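So the chains spell out like this:
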Amino acid sequence: MRRAIGGGRSLVPWLSLLRWALPVLIFLAVPMEQLFLRPFTGQRWPEWSLFLSVFFYGMVGPLAIWWILTWLRGTLAEQERSRDRIQEWEEYLASITSASADAIISLDTEGVIRTWNRGAKLIFGYHAQEMVGEHFSRLVPQELLKSGELGLIGREIEKRGYIRDYETERIAKDGRRVKVQLTQTLLRDKGGNAIGSALILRDITDRKRAEEEILQLTRELEEKVEQRTKRLAHAYKELEERNRELRRVNEQLRDLDRLKSEFVSMVSHELRSPLTNISGAVELLLDSGAEVDGKKMLEVIGEESARLARLVQGILDVSRIEARKLDLKRERVDILSLLQRVVVNLQGSTSLHQFVLPRADSLPRVWGDEDRIAQIFFNLLDNAVKYSPQGGEITVTAEVGGKEMVISVTDQGLGISDKEKERIFRKFHRVNGRDSRETYGHGLGLYITKGLVEAQGGRIWVESSVGKGSTFSFTLPLADGKGKKPQGSR
């Protein structure tokens, strides 16, 4: 600020020079006047010689002083104007610094606060007189002091000369933790020596809070999207499952509709065939001119009536099974004697088949409804007779397994395919094949048999290979030795 604008040099060296040069110049002017001017004027204008000497001595000094003072005046005026401009610029910069909403603080080399602007007061709540002369660590949280944050910042500034946009926290006067963005620059003198540093601290508390809120909202939104995605995936899975179930139900309905059509056709045939036979036998008996065997006709009527009764009974049993209203009279049942009675009834309708029964001394008694067990035996043995058209043995075995008896009926018929085995116990189902067209039946026998077995606490299954016959097995609970029903039996 002490440099002259016009000459570009400081006045101090010029004044030092003039302090010695001016007396020397005046001193040198005296001998020059005596040696050169006085002889010259004395010869030419002797009468003016004294006047010219007085004029020379009176003008040289004042003119030199006037010129020097004029130069000094102009130089000083220019420097004054320069100082005014510099002062105005400094005041402008100071007003910017003092009025800034950001905290602008200067520190000495020891970290002591030297200046404190209005922005620092707004952010931290301290007035300048409270903080100037205090160490900057007064604003730093204890945990950051212990972690060595100031040392880290100091090393970074020493290495690079500055640190910029460093996010940290500082403590306000009221104890609030203020999130700030710090920029600190090292200050040096003309010799390059560090004389302190300047800090700019920007309050980013609201911005960080907004960022955290946005981040929280983003996480919540992601969670909701994830939950909604899971719900949609679950709903889609349920929809697929329901679609599969609907397709399965539709297939079952189609199968049921087909089976019902077949059943209606079979039942109508089953009804029409015995009714036709009964009607024909009655007409022959009533025809007095016809030569007929009355006993044989009555036997035909009896067989066809029994056939009709079995059909009606089967349909009634289906209704009771599906309504879970089977009337069971449970008691201790002798399986062998019951099986022998069923076989005797069946032997009258077949002469091609031989029945092999289990030994009497190896069979304990079971717990169940004797009539229903007889119906189970009849259905299974009747099926074995129907689907073994070439005759052969029909073997019945029985063995004890735990608290139940396993009874099996094995034939030497055509067998059942794996596909048919899955549907063999369904309502209205009859095994496909050439033999099914040659045997009567309404497709309810095995369905009823399965219902009767399960109603008495047992289970039923089939093992078969095409061309090698079939084995139908079922279980019944054993009765205890005192004639009581077994524990857990219904």
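Values in this document were obtained by computation on a predicted structure and should not be read as measured data. (Residues numbered from 1 in each chain as written. Predicted model: local features only at pLDDT ≥ 70, side-chain atom pairs only at ≥ 80, totals over all residues. Heavy atoms only, no water.)

A. Quick look at the packing of aromatic side chains. Going through the model one piece at a time under the given rule, you end up with four aromatic pairs. Plain terms: the ring middles of Trp116 and Phe124 are 6.1 Å apart, the flat faces sit at 45° to each other, and that makes the pair tilted. Across the pair, Phe124 and Trp116 agree in class, each one buried. Between Trp116 and Tyr126, the ring centres sit 6.5 Å apart and the planes meet at 80°, which makes this aromatic pair edge-to-face. Of the two residues, Trp116 sits in strand 2 (residues 113-116) while Tyr126 sits in the loop between helix 3 (118-124) and helix 4 (128-131), which places them ten residues apart along the sequence. Members of the aromatic cluster, connected to one another through ring pairs, are Trp116, Phe124 and Tyr126. (Phe/Tyr/Trp six-rings, centres within 6.5 Å; stacked < 30°, edge-to-face > 60°. Buried < 20%, exposed > 50% of the residue type's maximum accessible area, 1.4 Å probe, protein only. Helix = DSSP H or I, 4+ residues; strand = E, 2+ residues; numbered from the N terminus.)

B. Structural context of the pattern of salt bridges. For the structure on display, the rule yields 24 salt bridges. Across the salt bridge formed by Arg177 and Glu169, the nearest N and O atoms sit 2.8 Å from each other. Classification of Arg177 by relative accessible area gives partly exposed; the value is 39%. Residue Asp174 is joined to Arg176 by a salt bridge in which the shortest nitrogen-to-oxygen separation is 2.9 Å. Note on Asp174: relative accessible area 56%, which makes it exposed. One continuous salt-bridge network, built from bridges that share partners, spans Glu143, Glu169, Arg177 and Lys179. (Salt bridge = Lys/Arg side-chain N within 4 Å of Asp/Glu carboxyl O.)

C. Highlighting the nonpolar core. Phe377, Leu381, Ile407 and Phe474 are the most contacted members of the largest nonpolar core, which has 39 residues in total. Breaking this core down by element, the ones donating at least two residues are helix 9 (335-347), helix 10 (370-386), strand 9 (392-401), strand 10 (404-410), helix 12 (445-455), strand 11 (460-464) and strand 12 (470-477). In terms of residue count, the dominant contributor to this core is helix 10 (eight residues). Non-local contacts of Ile407, meaning those with residues more than four positions away in its chain, are made with Ile335, Phe377, Val396, Thr397, Ala398, Phe472, Ser473, Phe474 and Leu476. Counting 23 residues, the second-largest nonpolar core is a separate cluster that includes Ala120, Ile123, Phe124 and Ile153. (Core = buried A, V, L, I, M, F, W, Y, C linked by side-chain atoms within 4.5 Å. Contact = heavy atoms within 4.5 Å.)

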